[in-house]
Amino acid sequence: MKVTLLNHTPDALDLLLRTKNTRLRFESDPATWSAAQRAEHLAYMRDTIKSSWEMVDYVFEISGVTRAFTHQLVRTRTGSYAQESQRTVDVRDSEVNKPASVAASSESNDWWDETIAKVKACYVGLIHGHIPVQDARGILPTNMTTSIVAKFNLRTLHEMG
């Protein structure tokens, strides 16, 4: 698995402090506060309602993971997602992640390798037979590797941990 931070809210600390400041009707700009004052307000924010945390976003590219993983990830429904599409992308050269439990057993390892080879051959045969990629994908296992872009706010990341 490879996780790359693609984007994030600039000046997140100032934004967090400003949103807290807005709720409490302070008049000063948090960017002008001393380090001690900023730390005091952040400590307060850590132990109170985390609605301000929803203002800070992070966007990640997650690659080299299985579709089974991404199916579980998107079930959180607390992020925004854009995933590589098997409906439009020919994935014949994609890897299939073999679980360690399968690799540890000689007999299971052989079954796995034979089955994956047959599945890949069938997929390629369907595409060569002019079956649309969106229909040929039905034969593919959930352990095919994929990539997904995921956007989470700071509150979501905190609660996922």
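Scroll up to find the structure this text is about.
Since the model is a prediction, treat every value here as computed from it, not as a measurement.

Scoring rules and cut-offs
Residues numbered from 1 in each chain as written. Predicted model: local features only at pLDDT ≥ 70, side-chain atom pairs only at ≥ 80, totals over all residues. Heavy atoms only, no water. Buried < 20%, exposed > 50% of the residue type's maximum accessible area, 1.4 Å probe, protein only. Helix = DSSP H or I, 4+ residues; strand = E, 2+ residues; numbered from the N terminus. Arc of directions from axis to C-beta. Contact = heavy atoms within 4.5 Å. Pairing = 2+ DSSP bridges. Axes fitted to C-alpha atoms, helices over the stretch in contact; angles between N-to-C directions. Core = buried A, V, L, I, M, F, W, Y, C linked by side-chain atoms within 4.5 Å. Expected span 1.5 Å × (residues − 1). Salt bridge = Lys/Arg side-chain N within 4 Å of Asp/Glu carboxyl O.

A. Structural detail: helix α3 (residues 67-74). What α3 keeps buried is the set Arg67, Thr70 and Leu73. When α3 is viewed along its axis, its buried side chains cluster within an angular range of 115 degrees and face the same direction. Tucked into the core, α3 has its buried residues touching β2 (57-66), β3 (80-83), β4 (145-153) and α7 (154-160).

B. Broad picture of the sheet that holds strand β1 (residues 2-8). Reading across the sheet, the four strands line up as β1-β2-β4-β3 and stay open at both edges, with antiparallel pairing between neighbours. Each edge of the sheet is formed by a strand with only one pairing partner; in this case those strands are β1 and β3. Going from strand to strand, the sheet's axes swing by 20 degrees on average, the running direction of each strand aside. Pairing of β3 with β4 involves four bridges; the strand directions are antiparallel. Within β4, the position partnered with Ser80 by the bridge is Lys151. Along the sheet face, α3 touches β2, β3 and β4 and points at about 150 degrees away from the line of β2.

C. Broad picture of the environment of His158. Mapped onto the secondary structure, His158 falls in helix α7. C-alpha separation for the pair His158 and Leu17, spaced 141 residues apart in sequence, amounts to 17 Å. Among all residues touching His158, those that are not within four sequence positions of it are Lys50 and Trp53.

D. Representation of the nonpolar core in the model. With eleven residues, the main nonpolar core is built from Val91, Val96, Val102, Trp112, Ile116, Tyr123, Ile127, Val133, Ala136, Leu140 and Met144. Elements represented by at least two residues in this core include exactly α5 (106-128) and α6 (133-136). Ranked by residues supplied to this core, first place goes to α5 with four residues. Once you skip the residues sitting within four places of it in the chain, Trp112 turns out to touch Val96, Asn97, Lys98, Pro99, Val102 and Asn143.

E. Up close: α5. Helix length check: α5 (23 residues) gives 33 Å between terminal C-alpha atoms against 33 Å at 1.5 Å per residue, within 8%. Where α5 is concerned, the buried positions are Asn109, Trp112, Ile116, Val119, Tyr123 and Ile127. Buried-residue contacts for α5 involve α4 (100-103) and α6. One or two positions beyond α5, positive phi appears at His130, with a value near 70 degrees.

F. Main features of the pattern of salt bridges. Evaluated as defined, the whole model comprises eight salt bridges. Put simply, Arg46 and Asp47 hold a salt bridge, and the shortest N to O gap is 3.6 Å. Between Lys98 and Asp113 there is a salt bridge whose closest N-O contact spans 2.7 Å. You can see Lys98 sitting in the loop between β3 and α4 and its partner Asp113 sitting in helix α5, a full 15 residues away along the chain. Given a relative accessible area of 36%, Asp113 falls into the partly exposed group. One connected set of salt bridges, linked through shared partners, spans Glu54, Arg155 and Glu159.

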